[in-house]
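One-letter residues, chain by chain:
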Amino acid sequence: MVTRLSALCALVVAAAVPVSEAQTLTKCTLGQPVVDHEGKSGVIVSAAGNLCQVKYPNGQAYGWIYWNLRPDTASARPTAPSAPVLLKSPEPTTEPPPANAVQLPTVLRATPSNHTLVYRVGPLGHVVLTASVNGAPIRFLVDTGASTVVLSNADARTAGINPDALVYNKTTTTANGVVRVAPVVLHEIRIQQLSVENVPAVVDPNLNGSLLGMSFLSRLKSFQMREGELTFSW
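Residues numbered from 1 in each chain as written. Predicted model: local features only at pLDDT ≥ 70, side-chain atom pairs only at ≥ 80, totals over all residues. Heavy atoms only, no water.

Student: How should I be thinking about the sheet that holds strand β15 (residues 229-233) in this particular structure?
Tutor: Think of a sheet as strands paired side by side through backbone hydrogen bonds, with each pair either parallel or antiparallel. If you trace the 3 strands from one edge of the open sheet to the other, you get β6-β15-β14, paired in antiparallel fashion. Two strands in the sheet have a free side with no partner beyond their single neighbour: β6 (116-120) and β14 (222-226). Each strand axis lies, on average, 15 degrees off the axis of its neighbour in the sheet, ignoring direction. Across 5 bridges, β14 lies against β15 in antiparallel orientation. Note that in β15 the partner of Q224 across the bridge is T231. (Pairing = 2+ DSSP bridges. Helix = DSSP H or I, 4+ residues; strand = E, 2+ residues; numbered from the N terminus. Axes fitted to C-alpha atoms, helices over the stretch in contact; angles between N-to-C directions.)

Structure below.
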């Protein structure tokens, strides 16, 4: 018992983000048995940034932001040799997933919540929504591939930020190559009743529109893209 408590304390000290549970993960580790917020066990089969793709005994796979998971210590005990086999739940008759399955790290499992927003995917397969940034309305393309929120020069001005007064001392790689951007912190991003404060962002003078990236999305409890709908939960 003392050994387990000591290991648990070490995990808490090493955690990079504040968590409400002492055993919450601090990163995604391939092959690690985990338990989600609903108490269901699975194993991490892929990782992309803050997102852990978890496969369950019934063969389904869902993505979770890592701090919504904790280690499944019961499955890790040597006295339970059958646990790893149950977690993998292979189905020999199932064909490999199609190539486009690897494009689904944004599919996160929705957790029970009294606070949700749902948006339909547009004709081009994207979700575009209007958010209030520092009190000003700005149109965003939701982009889970963007590590941070990105504002165009025009949208930065709308939000009360003068692009000409910024220092463009960061670089980022885009489809047009490496570009210089200016880091900023947005006082608030509000989408209807959902509000997130002090959001890191960058201003990119090369963009015509703005992107709602992971510096905002990772602050939510979860988000889910399924059957043409994007759901935010917090």
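Student: Just checking my understanding: could you explain the pairing of β15 for this structure?
Tutor: Both faces of the sheet carry side chains from a regular strand, because those side chains alternate between them. Of all 5 residues in β15, 4 are buried; the element is thus mostly enclosed. As paired elements, β6 and β15 share 5 bridges and run antiparallel to each other. By the bridge assignment, Y119 is partnered in β15 with L230. (Buried < 20%, exposed > 50% of the residue type's maximum accessible area, 1.4 Å probe, protein only.)

Student: Is there a simple way to think about the packing of aromatic side chains in this case?
Tutor: Any pair of aromatic rings gets described here by the distance separating the centres and the angle formed by the planes. In the structure shown here, the tally under the stated rule is 1 aromatic pair. On the numbers, 6.2 Å between centres and 55 degrees between planes, the contact of Y119 with F232 is tilted. Within this pair, whereas Y119 is found in strand β6, its partner F232 is found in strand β15, the two being separated by 113 residues in sequence. You can call F232 buried: its relative accessible area is 0%. (Phe/Tyr/Trp six-rings, centres within 6.5 Å; stacked < 30°, edge-to-face > 60°.)

Student: Quick question: what am I supposed to make of unusual backbone geometry here?
Tutor: Negative phi values dominate among residues other than glycine, just as trans dominates among peptide bonds. A positive phi angle is found at Q192, which is not glycine, with a value near 55 degrees. According to the relative accessible area criterion, Q192 is exposed, its value standing at 53%. Residues other than glycine seldom take positive phi values, yet N198 does so here, at roughly 50 degrees.

Student: Would you mind showing me how to read the environment of G122 here?
Tutor: Tracing the backbone through its elements, the reader meets G122 in the loop between β6 and β7 (128-133). Taking the C-alpha atoms as reference points, G122 and E229, separated by 107 residues in sequence, lie 9.4 Å from one another.

Student: Sorry if this is basic, but what is going on with the environment of G42 here?
Tutor: The residue G42 is located in strand β2 (residues 41-48) in this model. Overall, G42 belongs to the buried group, its relative accessible area being 0%. In this structure, the C-alpha to C-alpha distance between G42 and Q60, residues 18 residues apart in sequence, is 9.6 Å.

Student: Which parts of the structure should I look at to understand the pattern of salt bridges?
Tutor: A side chain with one charge may pair with a side chain of the opposite charge, provided their charged atoms come close. Applying the stated criterion to the full structure yields 3 salt bridges. Among the ionic pairs, E229 bridges to R120, the shortest N-O distance being 3.5 Å. With a gap of 109 residues between them, E229 in strand β15 and R120 in strand β6 connect regions that are remote in the sequence. Here E229 falls in the partly exposed class, since its relative accessible area comes to 33%. R157 is the partner of D164 in a salt bridge, and the nearest nitrogen-oxygen pair spans 3.7 Å. According to the relative accessible area criterion, R157 is partly exposed, its value standing at 46%. (Salt bridge = Lys/Arg side-chain N within 4 Å of Asp/Glu carboxyl O.)

Student: Sorry if this is basic, but what is going on with the nonpolar core here?
Tutor: Considering soluble globular proteins, one finds that nonpolar side chains tend to be buried as a cluster. Judged by nonpolar contacts, the single largest core of 33 residues is most densely connected at L129, L186, F216 and F232. A per-element tally of this core places strand β12 (residues 194-203) first, with 5 residues. Residues in contact with L186, not counting those within four places in the same chain, are V133, N134, V149, L151, I161, E197, N198, V199 and A201. Judged by nonpolar contacts, the second largest core, of 11 residues, contains I44, C52, W64 and L69. (Core = buried A, V, L, I, M, F, W, Y, C linked by side-chain atoms within 4.5 Å. Contact = heavy atoms within 4.5 Å.)

Student: Could you clarify how one ought to interpret the environment of T172 in this entry?
Tutor: Looking at the element boundaries, T172 is found in strand β10 (residues 170-174). Judged by its relative accessible area of 32%, T172 falls in the partly exposed class. Those residues in contact with T172 that lie beyond four places of it in its chain are G177, V178, V179 and V181.

Function-wise, these values are silent; they only describe arrangement.
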